[in-house]
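Residue-level structure breakdown
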Amino acid sequence: PIGAMNPERGDPPGLSKWRECSMIAAGALLAVAVRCSVAPFGYSGEGKPPMFGDFEAQRHWMEVTTALPAKDWYQETAENDLLYWGLDYPPATAYHSYVLGRVGHRVVPECFRLGSSRGHESEQCRRFMRASVIISDLLVFMPGAFIATWGLASEQDRLARCATLLCLWLLPPLLLIDHGHFQYNGVCFGLCLAATGFVARGRTWLASVLFTSA
């Protein structure tokens with residue numbers, strides 16, 4: 001039974017370690033499935049020139065960071081019109097855009113050609129952008145939520161830890177804003193959550209690096 005203590009493994013009452021791992025794996029699959037179900041719908045500014053919306057802002061930051069030297073990312077230049085979605089987030093966000101932009105240039109190069117791709121909304125570009133948010137969540141937000149939950153929750157209540165983790169992974173505002181409206185808030189949120197978990201475990205130096213990066 002779930003509530004029984006396993007004397008050989010020393011499992012606490014409530015939930016065995018194996019069932020806890022199974023619940024986490026199932027929760028992760030559910031979280032990804034929900035994100036994939038939101039992605040096919042419309043996004044901020046779709047088909048609405050001249051500024052389009054946050055989808056365009058994120059796409060534009062990818063082409064700016066990959067086409068220009070880092071010293072020009074935040075500067076008004078002949079190639080960088082700051083009045084058109086000028087990069088106004090901290091450097092960690094800029095480098096996140098840079099990494100995604102480098103990948104994007106290999107997958108959908110026409111989507112990231114600075115100067116000629118304003119308002120680009122091809123189906124291939126949309127798929128890449130949507131996938132990039134889901135992958136960013138998988139690499140940053142979901143592990144960050146895991147670290148926070150395991151840092152703050154009681155070691156003796158595995159069921160509560162799993163429930164808390166699932167609630168974070170399925171947080172409605174984040175799902176709707178990042179995977180519907182279109183942003184990458186899960187990256188900074190995940191870093192903040194990871195920092196919280198490390199603070200709870202006394203790893204303040206690592207927590208400070210993560211929180212500052214967020």
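Throughout what follows, the structure given in this document is the object of discussion. Remember, predicted model here, so these are calculated numbers, not experimental data. (Residues numbered from 1 in each chain as written. Predicted model: local features only at pLDDT ≥ 70, side-chain atom pairs only at ≥ 80, totals over all residues. Heavy atoms only, no water.)

Structural notes on the overall build of the protein chain
- A tally of helices and strands in the protein chain yields 8 helices and 0 strands.
- Counting helices and strands in the order they occur from the N terminus, the protein chain gives α-α-α-α-α-α-α-α.
- Oriented by its inertia axes, the alpha-carbon framework of the protein chain measures out at about 70 × 35 × 25 Å.
- Expressed as a percentage of its 214 residues, the buried residues of the protein chain come to 43%.
- Counting only contacts in the protein chain whose residues sit at least 6 apart along the sequence, the fraction spanning at least 24 positions is 68%.
- A total accessible area of about 11,300 Å² is found for the protein chain, and carbon and sulfur atoms account for 66% of it.
- Of the side-chain charges in the protein chain, 18 are positive and 19 negative, and the distance between the mean point of each set is 7 Å. (Helix = DSSP H or I, 4+ residues; strand = E, 2+ residues; numbered from the N terminus. Buried < 20%, exposed > 50% of the residue type's maximum accessible area, 1.4 Å probe, protein only. Contact = heavy atoms within 4.5 Å. Areas by Shrake-Rupley, 256 points an atom, 1.4 Å probe, with all protein chains shown as cover. Lys, Arg positive; Asp, Glu negative; His and termini not counted. Charge placed at Lys NZ, Arg CZ, Asp CG, Glu CD.)

Details of the state of the cysteines
- With the rule as written, the count across this model stands at 1 disulfide.
- Paired by a disulfide, Cys 111 and Cys 125 hold their sulfur atoms 2.0 Å apart. Here Cys 111, found in the loop between α3 (91-107) and α4 (123-152), pairs with Cys 125, found in helix α4; they are 14 residues apart in sequence, far enough to count as distant.
- Looking at Cys 111, the relative accessible area reads 0%, which means it is buried.
- The buried category is assigned to Cys 125, whose relative accessible area is 0%.
- Sulfur of Cys 188: no disulfide; nearest cysteine sulfur belongs to Cys 192 and is 6.2 Å away.
- With relative accessibility at 25%, the residue Cys 192 sits in the partly exposed group. (Disulfide = S-S within 2.5 Å.)

Comments concerning the packing of helix α1 (residues 17-38) against helix α5 (residues 158-169)
- Direction vectors running N to C along α1 and α5 enclose 10°, while the axes themselves pass 10 Å from each other. Considering the angle they form, α1 stands roughly parallel to α5. Contacts from Lys 17, Glu 20, Met 23, Ile 24, Gly 27, Ala 28, Leu 30, Ala 31 and Arg 35 in α1 reach Arg 158, Leu 159, Arg 161, Cys 162, Leu 165, Leu 166 and Trp 169 in α5. (Axes fitted to C-alpha atoms, helices over the stretch in contact; angles between N-to-C directions. Parallel < 35°, antiparallel > 145°, perpendicular 65-115°, else oblique.)

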